[in-house]
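The lines below spell out each chain.
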Amino acid sequence: MDNFFTIIGGMGTIATELYIKQINQKTPTKNDQDYLDYVLVNYSTIPDRSSYLMNKSENENPLPYLLKIIEKYGALEPNFFVLTCNTAHYFFNELEKASQVPILHMPRLAVEEASKQYKKGTRVGIIGTEGTIKNKIYDGFILDAGFDLVHPTLELQQMVSTLIFEKIKQNNILDEELYNQILSKMFNELNCEVVILGCTELSLMEDLANYSNENVIDPQNVLAENTVKLALANREK
């Protein structure tokens, strides 16, 4: 198979399922052959990224697992890799060094999209796992773009963690009321003008809302757009 890409998914699996739907919907097609060629690695058993980042001494490091994926599936010579987990981008530099092909950077692409839509000085909030927020995975990109960065309060972070881990990951519950409460607090209490969803479980919530929330940027949706664009460009070479 030529002109294909490899998706490193399963973090979590339901969010990866949404990403597959997104790239398929965004691909212009008239028949089966128009869809993109890709390999999906649904690595659901990989250690939790946020848990490791919050307590490295007591939790297993997911980096060796990710590096093994790069090694094994890089041997198939994909055109590029896609990493469908925001928190896993903490390891991006190590993964990039180990890969012979490009890896799309979801946080960078999301902030680039925000820069197209909003002017410098805009108050941009970021919500995601505690590992993503405390390790500032998005912060440098947001600040370099000239935006004012807004982190969630401790209360808000607890609400976000409950939604991601207790509701979605553990029980597969898409709690619209809790999601809307989180967004309301980000916009109305922290005066955010834009909110970036820095976790693919939150992408599930925005998809459920049919992307009707104004001034919300879903990085996974942006990643899907860029995946299709790059894949089609490679196909035409």
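This one's a predicted model, so the numbers in the text were calculated from it and none came from an experiment. (Residues numbered from 1 in each chain as written. Predicted model: local features only at pLDDT ≥ 70, side-chain atom pairs only at ≥ 80, totals over all residues. Heavy atoms only, no water.)

1. Overview of the domain arrangement of the protein chain
Note: interface size is frequently given as the accessible area lost on complex formation between the parts.
Stage number 1. Domains assigned within the protein chain are domain 1 (5-105 + 221-236) and domain 2 (107-218).
Stage number 2. Facing 23 residues of domain 1, the contacting portion of domain 2 comprises 28 residues.
Stage number 3. In this assembly, domain 1 packs against domain 2 so that about 2,000 Å² is buried in total across both faces, 59% of it on carbon and sulfur atoms.
Stage number 4. Three residues, Asn86, His105 and Val222, lead the burial of domain 1 against domain 2; their summed loss comes to 33% of the area buried on that side.
Stage number 5. On the surface where domain 1 and domain 2 come into contact, there are one salt bridge.
Stage number 6. The salt bridge involving Asp207 is made with Lys21; its shortest N-O contact spans 3.0 Å.
Stage number 7. Remark: the boundary between domain 1 and domain 2 carries eleven residue pairs in polar contact (both at pLDDT 80 or more).
Stage number 8. Every element with two or more residues in the side of domain 1 that touches domain 2 is listed here: helix H1 (13-26), helix H2 (49-54) and helix H11 (219-236).
Stage number 9. The leading source of residues in the side of domain 1 that touches domain 2 is H1, at five residues.
Stage number 10. Class assignment for the residues of the side of domain 1 that touches domain 2 results in ten nonpolar, ten polar and three charged. (Domains from an automatic or database assignment. Contact = heavy atoms within 4.5 Å. Buried area = accessible area lost by both parts, 1.4 Å probe. Salt bridge = Lys/Arg side-chain N within 4 Å of Asp/Glu carboxyl O. Polar contact = N/O pair within 3.5 Å; in protein donor to acceptor, adjacent residues only side chain to side chain. Helix = DSSP H or I, 4+ residues; strand = E, 2+ residues; numbered from the N terminus. Nonpolar A, V, L, I, M, F, W, Y, C, P; charged D, E, K, R; others polar.)

2. Digging into the side chain of Thr87
Stage number 1. Position of Thr87 among the secondary structure elements: in the loop between strand E3 (81-83) and helix H4 (92-98).
Stage number 2. The contacts of Thr87, once residues within four sequence positions are left out, are Arg49, Ser50, Leu53, Thr129, Gly131, Thr132 and Ile137.

3. Structural notes on the pairing of strand E1 (residues 5-9)
Stage number 1. In terms of burial, E1 is a largely internal element, five of the five residues being buried.
Stage number 2. Examined bridge by bridge, E1 and strand E2 (residues 38-42) share five bridges and lie parallel to one another. Within the sheet, the bridge partner assigned to Phe5 lies in E2 and is Tyr38.
Stage number 3. For the crossover that starts at E1, traverses H1 and ends in the parallel E2, the hand is right-handed.
Stage number 4. Of the strand pairs in this sheet, E1 and E3 are connected by three bridges, and their pairing is parallel. What sits directly across from Ile7, in E3, is Val82. (Buried < 20%, exposed > 50% of the residue type's maximum accessible area, 1.4 Å probe, protein only. Pairing = 2+ DSSP bridges. Right-handed = clockwise from strand over helix to strand, strands pointing away.)

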